[in-house]
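A closer look at the structure
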Amino acid sequence: MLLGLVAAPLAACAAAGAGARTDASAAAAGPAKASTVGAGPGPFQTEGMAAYSPSGPLKPMQFQRRVLGPKDVAIQLHYCGVCHSDIHTVRGDWGPIQYPQIVGHELAGEVVAVGSSVSRFLVGSRVGVGTMVDSCRHCSECEAGHENYCLNGNTQAYGSKDRDGSITQGGYSTFVVVDEDFVIHIPDVIDLAEAGPLLCAGITVYSPLRRWGVSPGKKVAIIGLGGLGHLAVKFAKAMGAEVTVFTTSPEKTQDAKRFGAANVAINKDGADFSAFKHAFDFALDTVPYRHDLNRFVPILKRDATYCRVGVGKTVDTVDVGQMSLVLYRNAIAGSNTGGIRETQDMVEFCALNHIKPEIEKIPMTGINEAWSRVVDKKARYRFVIELKG
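Below or above, wherever it landed, is the structure these notes cover. In this text the structure is predicted, and so the values were computed from the model without any measurement.

On to the overall build of the protein, then. On a plain count of helices and strands, the protein comes out with 10 helices and 17 strands. Burial statistics for the protein: of 389 residues in total, 56% are counted as buried. For the protein, restricting intrachain contacts to residue pairs at least 6 apart in sequence, the fraction spanning at least 24 positions comes to 72%. Accessible surface computed for the protein: about 15,900 Å², of which carbon and sulfur atoms make up 52%.

Written as structure tokens, this is what we have:
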């Protein structure tokens, strides 16, 4: 099921001249008869779970996905991960949106039809779709393989203005049509149920770990042990680093060590982190809530970077003492998912190193309860919606 139409709070629309597409709502209103899955070029009848207000429960919605374009891939979705970003979007934490809106950007399923010019996928291919479904393709960032930093604004999987002016609907749904350039191959050794969370949570932490050179002999701090943090620990460990987890949840200590952490520090008011003074080559902050960064800057070595990937309410500000940064030439940075090539690299890295997210499968009818558990920090560690029985 899908969430409905949402105005993109964080991504600008793709270039207007990029080419038109068939809007889901227009297809539904037109005379064309919707195809069943795997039959014909579409439009494809789809159902999902949509948000109709910032605070109300998600409810079923039926609509149509567009007719296949020459480079489009039609995907029967089997699973979709639940990301805290979904909740932030629907609740307006990242700006106003248009309802109804279907969210979800951790999609995994099977190709059931391809456009006439598709060259990378066949019917039956195991695939995934992450946070982006298009970009301008011609700016310097896109040409460098960093579509997530598209200078003209990429098109997000949901809540983003598409080429034809419609608003994209996400993966809490049974079906999706996506340009092949934004579809990820899922290796056979990765369970489809475990693939989706890699395409947002996974790439969000993998990209900065690679960017800041995490490798054997490095000491890395991971702040937060949730959907992002638990994968960050697994990645950093597989890259050869010595990992220390800082968490507000003492009950997660054993999990942190099971994921590969050498040390665990409990992050609470008055906590003494002096044992970690100037100990780390890199720190990755996965916490999506406002919190005090000043207690963490002193754990950085000279020239080390503290990178944030957890994003909560955009109205929240981050204050860091200037002197603490100056004394050891430290930097505060941020990172935003990853490009398509890097995402494919990350998936292959997971296949090679047997990395997978810790998941709990839920039915479509369990999404509202799952959201409550995410907000209450009770997810262990990623909910995944089963979309096909």
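Having seen it, we continue.
Across the sheet, which stays open at both edges, the six strands sit in the order E12-E11-E10-E13-E14-E15 with parallel pairing between neighbours. Single-partner strands in this sheet number two, and they are strand E12 (263-266) and strand E15 (331-334). The mean inter-strand angle of the sheet, taken between neighbouring strand axes irrespective of direction, is 20 degrees. When strand E14 (residues 300-308) meets E15, the two strands line up parallel, connected through four bridges. Following the sheet pairing, Thr305 is matched in E15 by Ala331.

The next thing to look at is the packing of aromatic side chains. A complete count under the given rule lists 14 aromatic pairs for this structure. Seen from their ring centres, Tyr206 and Phe235 are 5.4 Å apart, and the 65 degrees between their planes marks the pair as edge-to-face. Of this pair, Tyr206 sits in helix H5 (residues 201-211) while Phe235 sits in helix H6 (residues 229-238), and the two are 29 residues apart along the sequence. Given the relative accessible area of 5%, Tyr206 is considered buried. Classification of Phe235 by relative accessible area gives buried; the value is 0%. Note on Phe246 and Phe276: the rings are 5.4 Å apart at their centroids and 70 degrees apart in plane angle, and the pair reads as edge-to-face. You can see Phe246 sitting in strand E11 (residues 242-247) and its partner Phe276 sitting in the loop between E12 and strand E13 (280-285), a full 30 residues away along the chain. The exposure class assigned to Phe276 is buried, which follows from its relative accessible area of 17%. Grouped by ring-pair contacts, the aromatic residues Phe246, Phe273, Phe276, Phe280, Phe296 and Tyr306 constitute a single cluster. The ring centre of Tyr381 lies 5.8 Å from the NZ or CZ of Arg380, which sits over that ring.

This brings us to the pairing of E14. Sheet topology note: the E13/E14 ladder contains five bridges and is parallel. Residue pairing in the sheet places Phe282 in a bridge with Thr305 of E14.

Further remarks concern helix H9 (residues 340-353). Here H9 is 14 residues long and its end C-alpha atoms lie 20 Å apart, about the 20 Å a rise of 1.5 Å per residue gives. Looking at H9, one finds that the buried residues are Ile340, Thr343, Gln344, Met346, Val347, Phe349, Cys350 and Ala351. After H9 finishes, the residue His354 shows a positive phi value of roughly 55 degrees.

Now for the packing of H5 against H6. Closest axis-to-axis distance for the H5/H6 pair is 9 Å, and the angle between their directions is 45 degrees. Comparing the axis directions of H5 and H6 gives the class oblique. In the crossing of H5 with H6, the sense of the turn from one axis to the other is right-handed. Two secondary-structure elements touch here, H5 through Ala201, Gly202, Val205, Tyr206 and Leu209 and H6 through Leu231, Ala232, Phe235 and Ala236. For the contact of H5 with H6, a count of residues per class yields eight nonpolar, one polar and no charged.

Inspection of every chain in the model, using the stated rule, returns zero disulfides. With no disulfide partner, Cys83 has as its closest neighbouring cysteine sulfur the one in Cys200, 3.9 Å distant.

Within E11, five of the six residues are buried, which leaves it mostly tucked inside the rest of the structure. As paired strands, strand E10 (residues 219-223) and E11 are joined by five bridges and run parallel to one another. Along E11, the bridge assignment pairs Ala221 with Thr244. Examined bridge by bridge, E11 and E12 share four bridges and lie parallel to one another. Bridged to Phe246 within E12 is Ala265.

Turning next to the pattern of salt bridges. Across all of its chains, the model carries 20 salt bridges by this definition. Note that Arg380 is salt-bridged to Glu251, the shortest N-O span being 3.5 Å. Residue Arg380 is located in the loop between helix H10 (367-375) and strand E17 (382-386), and its partner Glu251 is located in the loop between E11 and helix H7 (253-259); the two are separated by 129 residues in the primary sequence. For Arg380, a relative accessible area of 31% translates into the label partly exposed. Residue Asp281 is joined to Lys301 by a salt bridge in which the shortest nitrogen-to-oxygen separation is 3.3 Å. Taken together, the residues span a long stretch of sequence, with Asp281 in strand E13 and Lys301 in strand E14 at a distance of 20 residues. Looking at Lys301, the relative accessible area reads 30%, which means it is partly exposed. Each member of the salt-bridge network shares a partner with another, and the members are Lys71, Asp134, Arg137, Asp179, Glu180 and Asp181.

Calculation notes
Residues numbered from 1 in each chain as written. Predicted model: local features only at pLDDT ≥ 70, side-chain atom pairs only at ≥ 80, totals over all residues. Heavy atoms only, no water. Helix = DSSP H or I, 4+ residues; strand = E, 2+ residues; numbered from the N terminus. Buried < 20%, exposed > 50% of the residue type's maximum accessible area, 1.4 Å probe, protein only. Contact = heavy atoms within 4.5 Å. Areas by Shrake-Rupley, 256 points an atom, 1.4 Å probe, with all protein chains shown as cover. Pairing = 2+ DSSP bridges. Axes fitted to C-alpha atoms, helices over the stretch in contact; angles between N-to-C directions. Phe/Tyr/Trp six-rings, centres within 6.5 Å; stacked < 30°, edge-to-face > 60°. Lys NZ or Arg CZ within 6 Å of the ring centre and 35° of its normal. Expected span 1.5 Å × (residues − 1). Parallel < 35°, antiparallel > 145°, perpendicular 65-115°, else oblique. Left-handed = near helix turned anticlockwise from the far one by under 90°. Nonpolar A, V, L, I, M, F, W, Y, C, P; charged D, E, K, R; others polar. Disulfide = S-S within 2.5 Å. Salt bridge = Lys/Arg side-chain N within 4 Å of Asp/Glu carboxyl O.

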